[in-house]
Amino acid sequence: MAAQAGSLPRYIVQRLLLIIPMVWILLTLVFLLMRVAPGDPVSASVGGRLSEAALDERRASLGLDRPLIVQYFDYLGSILRLDFGKTITDNQPILDVVKENGGATLTLTVSAMIIALVVGIPLGLLAGRLRDTTSDAVIRIFGIITYAAPVFYTGLLVQILFLNVFPGWPLLGDSDTMTTYNVPSKTHILLLDAIIAGDSTAVVDVLKHLMLPAVTLALLICGIFIRLTRVNVLQTLQADYVEAARARGIKESKVVRAHAFRNALVPVVTIVGLQVALLMSGAVLTEKTFAWPGLGNRLIDYIEGRDYIAVQGIISLFAIVVVVVSLVIDIINAMIDPRVRY
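Definitions and limits used
In this numbering scheme, every chain counts its residues from 1 along its sequence in written order. Only residues with pLDDT of at least 70 get local features here, since the model is predicted, and only at 80 or more are side-chain atom pairs given and counted; chain-wide, interface and lining totals rely on the full set of residues. Working from all heavy atoms in the structure, the side-chain values ignore hydrogens and water. What counts as a ring pair is set by centres within 6.5 Å for rings of Phe, Tyr and Trp (its six-membered ring), and what kind of pair is set by the plane angle: stacked under 30 degrees, edge-to-face over 60, tilted for all other angles. Throughout this description, buried means an accessible area under 20% of the type-specific maximum (1.4 Å probe, protein chains only), exposed means over 50%, and partly exposed covers the range between. In what follows, salt bridge is the name for a side-chain nitrogen of Lys or Arg lying within 4 Å of a carboxyl oxygen of Asp or Glu. In this text, helices come from DSSP runs of H or I with a minimum length of four residues, and strands from runs of E with a minimum of two, each type numbered from the N-terminal end.

Colleague: Sorry, what's going on with the packing of aromatic side chains here?
Modeller: Aromatic rings in a pair are described by how distant their centres are and how their planes are angled relative to each other. Taken as a whole, this structure holds six aromatic pairs when the rule is applied. On the basis of an interplanar angle of 55° and a centroid distance of 6.4 Å, the ring pair of Phe166 and Trp169 is categorised as tilted. Given the relative accessible area of 24%, Trp169 is considered partly exposed. An aromatic cluster is built from Phe31, Tyr72, Phe73 and Tyr75, whose rings are joined through pairwise contacts.

Shown next as structure tokens:
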């Protein structure tokens, strides 16, 4: 019975069932927050450009003239049908907006996560290995600064630096005009489309445009990986099995690599999932700073236009993505560390 209670399939089923209340609570919060915003969304978005009769017709088409409880169940029902609604300002289905701009956000966030892991984990390992040395202090200060600095401020500093040191480096957008024109859109992920087209010039151009926003966003979460890896390496280096490995005469470098580092990574895997939400929120400001044509940039445009339906749809999608990624990370964590299942 104990083995069944801690089995991986049972744990996965439990986590899948937990998704239902999690998504419901998140969607309810999104719905309520959009409804407590001041003013009528239709009047705020297109008021002054349409007659009162046209505004009433637009409210009726969006279901905003119905009782709040009816709107709430309509909203939940439409999400179940993967219908996130239509924007008020440009009358586009939210899924079309996601299809058009989601590839850019995916490219940016995945690149930033890879950079943060490649930089943060080795630095955290080095800081833990060289505890209380000058290198440890420098790495810790670097981690604190990168985590504490606002992402838009870091982005502006990076732009000013490259403007003076590398004047020809692209600072805005995701590609040059010729790249956008020449690369056929198949996946709506420009970098992937350029690779599929075999256009090496376009690939280099997209990577050059991607570097600054990806590094800026990566710095936001890099400090978290540094601090977490360092703390866990320090704890595992004091564990009994590590002392036993040292007593057997195993080299210190192998003790750190094979015994301490691998076990220190288990909490880091959990934190990777939690950082997805921070990464998504950071992407909104990063995209605006670098004029990156992603969902975050469009979200700010819709907020400025007070298009609450568009904001509600995009945030709902973000919330579902965060929940699904958290589920995947939890399952990976349970596969790595069987203690998680109990």
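Okay, back to it.
Colleague: I'm lost on the pattern of salt bridges in this one. Help?
Modeller: Side chains that differ in sign of charge can pair as their charged atoms come close. Counted by the stated rule, this structure contains five salt bridges. The closest approach of N and O atoms between Asp136 and Arg230, which form a salt bridge, is 2.8 Å. Within this pair, whereas Asp136 is found in helix H7 (residues 134-148), its partner Arg230 is found in helix H11 (residues 200-237), the two being separated by 94 residues in sequence. This pair shows no difference in class: Asp136 is buried, exactly as Arg230 is. Taking the shortest distance from any N to any O, the salt bridge between Asp301 and Lys288 comes out at 3.1 Å. Taken as a pair, Asp301 in helix H14 (residues 295-304) and Lys288 in helix H13 (residues 252-289) lie far apart in primary sequence, 13 residues in all.

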